[in-house]
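Geometric and topological summary
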Amino acid sequence: MSPEEQDLVMGLVFAPGSPPTRTIDEVLAHFGETDGGALALRLLRDAMERRDADDVEMALIIKAAAGAPPDDFLEPLTELFPAEWHREHEDIVSTLARLRSPETLPTLILATHWVPERLDWDENRALAVKAIWALGALPGRQVREVLEGLRDDEDEIIRENALRQLARRGEL
């Protein structure tokens, strides 16, 4: 994606005190597309192939602006999650959380313990917390067992959030 195209996509972003300067229709027209989800998926796969972190971000911005259903993104996002070369780990976990699918379980479990190098500074373990809350929304005995295992983790933040999810689920 060219810098001009990245600027166009960034125009979709809402920032406090600064509304979007572009519409999804303008972005779709530029790319010659009519389906924002299909465009986002195509751009995401292309960015993954080229290992381009900026274009991964642009694809996810388009996905969000288009209101694309997260189901279509399950496979590429679970493949992309453990890669160190991008910056979208937390957004990926948030998207997977919206799916509430058992297919997300392995990625969410990984996210409870794996800390990408770029997030090593985060003492609050935001990525792990998001993953634990996503796990808590999934049904099933296997999820309960995962949360029970996290309840005994050496990291206090992980333990506390696992306990919160078990309590919320009525499984304490």
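Note that the coordinates shown come from a computational prediction; the quantities given were computed from them, not determined experimentally. (Residues numbered from 1 in each chain as written. Predicted model: local features only at pLDDT ≥ 70, side-chain atom pairs only at ≥ 80, totals over all residues. Heavy atoms only, no water.)

With respect to the helices and strands, the residue Ile62 is situated in helix H4 (residues 53–66). Ile62 gets classed as buried once you look at its relative accessible area, which sits at 0%. For the pair formed by Ile62 and Lys130, sequence separation is 68 residues and the distance between their alpha carbons is 22 Å. The contacts of Ile62, once residues within four sequence positions are left out, are Val9, Leu12, Ile24, Val27, Gly36, Leu39, Ala40 and Leu43. (Helix = DSSP H or I, 4+ residues; strand = E, 2+ residues; numbered from the N terminus. Buried < 20%, exposed > 50% of the residue type's maximum accessible area, 1.4 Å probe, protein only. Contact = heavy atoms within 4.5 Å.)

The next subject is the pattern of salt bridges. On inspection of all chains with the given rule, the structure shows 13 salt bridges. With its nearest N and O atoms 2.9 Å apart, the salt bridge here joins Asp46 to Arg50. Of this pair, Asp46 and Arg50 both sit in helix H3 (residues 36–50), 4 residues apart, which is roughly one turn of that helix. You can call Asp46 partly exposed: its relative accessible area is 34%. Connected via shared salt-bridge partners are Asp46, Arg50, Asp52 and Asp55. (Salt bridge = Lys/Arg side-chain N within 4 Å of Asp/Glu carboxyl O.)

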